[in-house]
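# Inside the fold
If you want the building blocks of each chain, they are given just below.
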Amino acid sequence: MTTANTTGTATLTDGVRAEATIDLAALRGNLAALRERVGAATVMATVKADAYGHGAVRCAREAVAAGIGWLGTALPQEALALRAAGIRPDQARILCWLWTPGGPWREALLADIDVSVSAQWALDELLAAVRATGVPARVHLKADTGLGRNGCQPHDWPELVGAARRAEAEGLLTVVGVWSHFAAADEPGHPSIQAQLDAFREALAYAEAAGLRPAVRHLANSPATLLLPQSHYDLVRTGLAMYGLSPVPEVGSPADFGLRPVMALTARLALVKHVPGGHGVSYGHHYTTPGPTTLGLVPVGYSDGIPRHASGTGPVQIAGKWRTVAGRVAMDQFVVDLGGDTPAVGDEVLLFGNGEQGEPTAEDWGRACGTISYEIVTRIGARVPRRYLGATTEAPTADVPAAEGVPTEGVPTGGAATEGASV
Ligand SMILES: *Cc1c(COP(=O)(O)O)cnc(C)c1O
């Protein structure tokens, strides 16, 4: 069964096919490093998308226990799940920012969740919910300062600000925050950076001139937190950096920023066998053995979040040596050419980790697959059990009961808990 240790060393739990270990001591260390970096500003722990695959409730609880007073989610359902898991408003404010018509506004008000408003339709729906529940809203008005995604365009800003100010005067809401999001904070010197800083200052000045007094002005994501101190304002919304990955790998490694990767992904060799030269490997035979060799079967595939783009290129470490995915990644498994070596069936395959054992990192996987480390960790699927190391807080009590030999901790909410759930 699972035994928590505090060393941060990932060793596969007995009897499991694969697992993601989540080093909560590293998470706390990263948050401490980020807090030190931003000085007087506050750090928001961004735990959307199941904390980038790391487990939202576990990571949020550790962050709160470490003194982080703000949590960020994209979806209101994600925010509600944190409150349902027992994170109280007196422990942490939760802001969620991606709303669609229908809300759930009332539930968010009743759960004391801060809401982002980017457009008049959202303000109208929110105010209807305020009148229905009698609970005033805490609102963060979002300006589109150039990203061209969510947020209110400058020509609509006066109208939105005016409507929010009138609702505030009626006691229906408080504009707690004014905020925006960068397009290219990860590209130092990109002309959009200064343009967005200027546009944000203008949006703020307009809001303040209209009588709003937002206590929390925020603009910075992880790359801006690391590279643009002039963007920190009152709060920074860090996601990737708190999980110990660098959002700007060309500028600096995690270690350069005082960060350590939190997630490691390990699997167990399911088969080792000798094959002759000229043997095709996996669907489509995109790899053929160059001579007599040994093949190792790694029992994770794209349903577990291993990108199919890793076919022929994804790196793993087995018995201290780097190997490459041979041929296509399938739904549940892939193969590596072991070059004649004969590690034992059941030996560990390190897909990625913090690199301290010489293993590949999520950054290496991102590069191999033509994507970013954000996507590598976030897509690790619900079929992969999470094992938590170095916890200072207790596991959620609402865990799905697990099968024998499968860790019970930190199963993502709604996710499959057991190996038996695989197809
Ligand atoms: C995801 C997200 C963040 C966090 O981004 P990182 O680059 O991971 O720090 C911050 N703000 C918003 C609006 C986001 O959607």
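Please refer to the structure higher up on the page.
Because the structure is a prediction, the values reported are computed rather than measured.

### Description of the overall build of the protein chain
Counting its regular elements, the protein chain contains eleven helices and 19 strands. For 423 residues, the compact-globule estimate of 2.2 N^0.38 gives 22 Å, and the C-alpha radius of gyration of the protein chain, at 23 Å, lies within 12% of that figure. The principal-axis extent of the C-alpha atoms belonging to the protein chain is close to 80 × 45 × 40 Å. When the 423 residues of the protein chain are sorted by exposure, 54% land in the buried category.

### Things to note about the site of the ligand
Around the ligand, the structure places 14 residues, and the nearest of them are Lys48, Tyr52, Ser222, Leu240 and Tyr374. Here an oxygen atom of the ligand and a side-chain polar atom of Lys48 are 2.6 Å apart. Notes on the ligand: free accessible area 380 Å², of which the protein chains cover 94%. At the level of secondary structure, the elements contributing two or more residues to the shell around the ligand comprise helix 2 (48–52), helix 9 (222–227) and strand 9 (235–238). Class assignment for the residues of the shell around the ligand results in six nonpolar, five polar and three charged.

### Notes on the pairing of strand 2 (residues 42–46)
Of all the five residues making up strand 2, four are buried; the element is thus mostly covered by neighbouring parts of the structure. The pairing of strand 2 with strand 9 spans four bridges and is parallel. If you follow Met44 over to strand 9, its bridge partner there is Arg237.

### Comments concerning the sheet that holds strand 8 (residues 216–220)
Strand order in the closed barrel formed by eight strands is 2-3-4-5-6-7-8-9, with parallel pairing between adjacent strands. Strand-to-strand twist in this sheet, taken as the mean axis angle between neighbours without regard to direction, amounts to 30°. Where strand 2 and strand 3 (residues 70–73) come together, three bridges link them in parallel fashion. Paired with Ala45 across the strands is Leu71, a residue of strand 3. Running at roughly 160° to strand 4 (residues 93–96), helix 4 (residues 76–84) makes contact with strand 3 and strand 4 of the sheet.

### Considerations on the sheet that holds strand 15 (residues 315–318)
Read from one edge of the open sheet, nine strands run 11-14-17-16-15-18-10-1-19, paired in mixed fashion. The strands lining the two open edges of the sheet, one partner per strand, are strand 11 (271–275) and strand 19 (386–389). Averaged over all pairs of adjacent strands, the angle between their axes in this sheet comes to 35°, without regard to strand direction. On the sheet, helix 1 (residues 24–38) packs against strand 1 (18–23) and strand 19 and is oriented at approximately 40° with respect to strand 1.

### Concerning the nonpolar core
The nonpolar side chains of a soluble globular protein tend to be buried with one another. Ranked by internal contacts, the top residues of the largest apolar core, which has 108 residues, are Leu141, Phe334, Leu351, Phe352 and Trp365. In this view, Leu351 contacts Leu265, Thr266, Ala267, Val300, Ile306, Pro315, Val316, Phe334, Pro360 and Trp365; residues no more than four positions away in its chain are not counted. Counting residues in hydrophobic clusters, the runner-up holds nine residues, among them Trp70, Ala74, Leu95 and Trp97.

### Quick look at the pattern of salt bridges
Enumeration according to the criterion identifies 20 salt bridges in this entry. Ionic pairing is found between Asp112 and Arg93, a salt bridge with its closest N-O pair at 2.8 Å. One end of the pair, Asp112, is in the loop between helix 5 (105–110) and strand 5 (114–117); the other, Arg93, is in strand 4, and 19 residues separate them in sequence. Through salt bridges with shared partners, one network takes in Arg17, Asp304, Asp332 and Arg383.

### So, the packing of helix 6 (residues 120–133) against helix 7 (residues 157–169)
For any two helices packed against each other, the geometry comes down to the angle between their axes and how far apart the axes lie. Across the interface, helix 6 lies against helix 7 with an axial gap of 10 Å and an inter-helix angle of 15°. With respect to each other, helix 6 and helix 7 are oriented roughly parallel. The chirality of how helix 6 crosses helix 7 is left-handed. For the pair helix 6 and helix 7, the contacting residues are Gln120, Leu123 and Leu127 in the first and Glu159, Leu160, Ala163, Ala164 and Ala167 in the second. A class-by-class count of the residues in the contact of helix 6 with helix 7 yields six nonpolar, one polar and one charged.

### Regarding the packing of aromatic side chains
Geometrically, a pair of aromatic rings is defined through the distance of the ring centres and the angle of the planes. One pass over the full model with this rule turns up six aromatic pairs. With a centroid separation of 3.9 Å and an interplanar angle of 10°, the aromatic rings of Trp99 and Trp105 are classed as stacked. With respect to class, Trp99 is no different from Trp105; both count as buried. Ring geometry for Phe200 versus Tyr233: centroids 5.0 Å apart, planes at 80°, classification edge-to-face. One end of the pair, Phe200, is in helix 8 (residues 191–209); the other, Tyr233, is in the loop between helix 9 and strand 9, with 33 residues separating them in the sequence. Residue Phe200 is classed as buried on the basis of its relative accessible area, which comes to 0%. In textbook terms, an aromatic cluster arises when at least three aromatic residues are bridged by ring pairs, as seen for Tyr52, Tyr243 and Tyr374. The residue whose ring lies beneath Arg58 is Tyr388, and the NZ or CZ to ring-centre distance is 4.7 Å.

Conventions adopted
Residues numbered from 1 in each chain as written. Predicted model: local features only at pLDDT ≥ 70, side-chain atom pairs only at ≥ 80, totals over all residues. Heavy atoms only, no water. Helix = DSSP H or I, 4+ residues; strand = E, 2+ residues; numbered from the N terminus. Rg over C-alpha atoms; globule rule 2.2 N^0.38 Å. Buried < 20%, exposed > 50% of the residue type's maximum accessible area, 1.4 Å probe, protein only. Near = heavy atom within 4 Å. Polar contact = N/O pair within 3.5 Å; in protein donor to acceptor, adjacent residues only side chain to side chain. Areas by Shrake-Rupley, 256 points an atom, 1.4 Å probe, with all protein chains shown as cover. Nonpolar A, V, L, I, M, F, W, Y, C, P; charged D, E, K, R; others polar. Pairing = 2+ DSSP bridges. Axes fitted to C-alpha atoms, helices over the stretch in contact; angles between N-to-C directions. Contact = heavy atoms within 4.5 Å. Core = buried A, V, L, I, M, F, W, Y, C linked by side-chain atoms within 4.5 Å. Salt bridge = Lys/Arg side-chain N within 4 Å of Asp/Glu carboxyl O. Parallel < 35°, antiparallel > 145°, perpendicular 65-115°, else oblique. Left-handed = near helix turned anticlockwise from the far one by under 90°. Phe/Tyr/Trp six-rings, centres within 6.5 Å; stacked < 30°, edge-to-face > 60°. Lys NZ or Arg CZ within 6 Å of the ring centre and 35° of its normal.

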